[in-house]
Amino acid sequence: MEEIFEKIQGFLKKLSLRGDRIKRFLTNKLLLSVFAGAVALIALVSVGTLIKEKKADVQSTTGPMLAAMARKVDSSAPQELKASFLLAVCSESERKVRLIACLSADSEKGNFEINYIPASQRCEVGSTEGSIEEHYKSSGCDGLIWAVRACTGKEVDRYIIVDEKDAAAIFKIFGEQVINVPHEVRHDYNGISFIINEGTQKLSADNMAKYLSYLCDSGAEEQDSITGLVSHYLRLSFETDGEKTLADKFNSLVNLIRTDISAMDIAAYGALLSSFLE
């Protein structure tokens, strides 16, 4: 019996020793895990710092590179402009041509000419003879462009055709404008009489549309005033005032006019036109 008791005590003593070893093993394993985690954390911080420094190096080297590329793009932009533009104001509802202006720009000579063509001028397009307005009535805007080319013998590089009913909306994009009205204007617009006083006036978009209607009706008698108005809005269209870029203005206008001027034209020639019109 005593022998059995001694064996049990010996077994328990061995078990106690094993428990101490297991406890020490687990403790050491936990410490190793914590140490490994700390090493991993330090490694991650080091890698993050290295990546950040690398990005800073890349930015510092690519900054001048991008600026150089931008200068290269600018230097490859067109340096001169020689083109003819057609500007027409029509009434689509009445199928009438209200104004036809041919604008010729030559940056080498430094001039910008505007010539007016009467809608009654006759020419032959294909096998059809008629006035410019008659060609417009029969074939729309395409007929108008073909007729102007046939009548002038000049190529139309780009065109802008405005429906008179959209004039106020177009003027509204530019806001109120101060212009000089050389003499008092008394006229009718959409069956309603109006008066614009002589002298320097601040005109709203609606009053500017009325004034344009008067100028179109007056034709040759008011060519100087028409030229002044067209030049004024051309300058506004290509000014960069910091609030709106040329692309912004183009996007605002493009849905209100019929034109073959593209966003790529604005990007390529916008800066040149801006400096040229100044």
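Thresholds, definitions, all that
- Within any chain, residue numbers begin from 1 and follow the written order of that chain's sequence.
- Only residues with pLDDT of at least 70 are given local features in this predicted model, and only at 80 or more are side-chain atom pairs given and counted; all residues enter the totals for whole chains, interfaces and linings.
- For the side-chain quantities, the full set of heavy atoms in the structure was used; hydrogens and water were omitted.
- Here the rule is simple: two strands pair whenever DSSP picks up at least two bridges between them.
- Under the DSSP-based scheme used, a helix requires at least four consecutive residues in state H or I and a strand at least two consecutive residues in state E, with every element numbered from the N terminus.
- Classification of ring pairs uses Phe, Tyr and Trp, with its six-membered ring standing for Trp, and accepts pairs whose centres are within 6.5 Å; under 30 degrees between planes counts as stacked, over 60 as edge-to-face, and the remaining range as tilted.
- Relative accessibility decides the category of a residue: with a 1.4 Å probe and only protein chains considered, values under 20% of the type maximum give buried, values over 50% give exposed, and everything between is partly exposed.
- Look at NZ for Lys and CZ for Arg. If either is within 6 Å of the ring centre and within 35 degrees of the ring normal, a charge sits over the ring.
- Throughout, a contact is declared for two residues whenever any of their heavy atoms are within 4.5 Å.

### Examining the sheet that holds strand β3 (residues 111-116)
Sheet strands pair via backbone hydrogen bonds, and the direction of the pair is either parallel or antiparallel. Spatially, the 5 strands line up as an open sheet ordered β3-β2-β1-β6-β11, and their pairing is mixed. The open sheet has two edge strands, β3 and β11 (258-259), and neither has a second partner. Sheet topology places strand β6 (residues 158-163) next to β11; 2 bridges connect them, and they run antiparallel. Of the residues in β11, the one forming a bridge with isoleucine 160 is threonine 259.

### A look at the packing of aromatic side chains
Evaluation of the coordinates by the stated rule reveals 3 aromatic pairs. Taking 6.3 Å as the distance between ring centres and 20° as the angle between the ring planes, the aromatic pair formed by tyrosine 211 and tyrosine 214 counts as stacked. Pair noted here: tyrosine 211 and tyrosine 214 are both in helix α4 (residues 205-218), with a separation of 3 residues, about one helical turn. The exposure classification of tyrosine 211 matches that of tyrosine 214, with both residues buried. Ring pairing ties together the aromatic residues Phe171, Phe174 and Tyr233, which thus form one cluster. Across the ring face of tyrosine 136, the terminal group of arginine 95 is positioned such that the distance to the ring centre comes to 4.9 Å.

### Examining the pairing of strand β4 (residues 122-125)
Only one face of β4 is buried: it carries Cys123 and Val125, and the other face, with Arg122 and Glu124, is open. Here 4 bridges tie β4 to strand β5 (residues 128-131), and the two strands are oriented antiparallel to one another. The partner of glutamate 124 across the bridge, within β5, is glutamate 129. What sits between the antiparallel neighbours β4 and β5 is a turn of 2 residues, in which glycine 126 has the positive phi angle 65°.

### Some words on the environment of cysteine 151
The topology assignment puts cysteine 151 in helix α2 (residues 132-152). With relative accessibility at 17%, the residue cysteine 151 sits in the buried group. Counting along the chain gives 26 residues from cysteine 151 to valine 125, while the straight-line C-alpha distance between them is 9.1 Å. Not counting residues up to four positions away in its chain, the partners in contact with cysteine 151 are Gln121, Arg122, Cys123 and Ile132.

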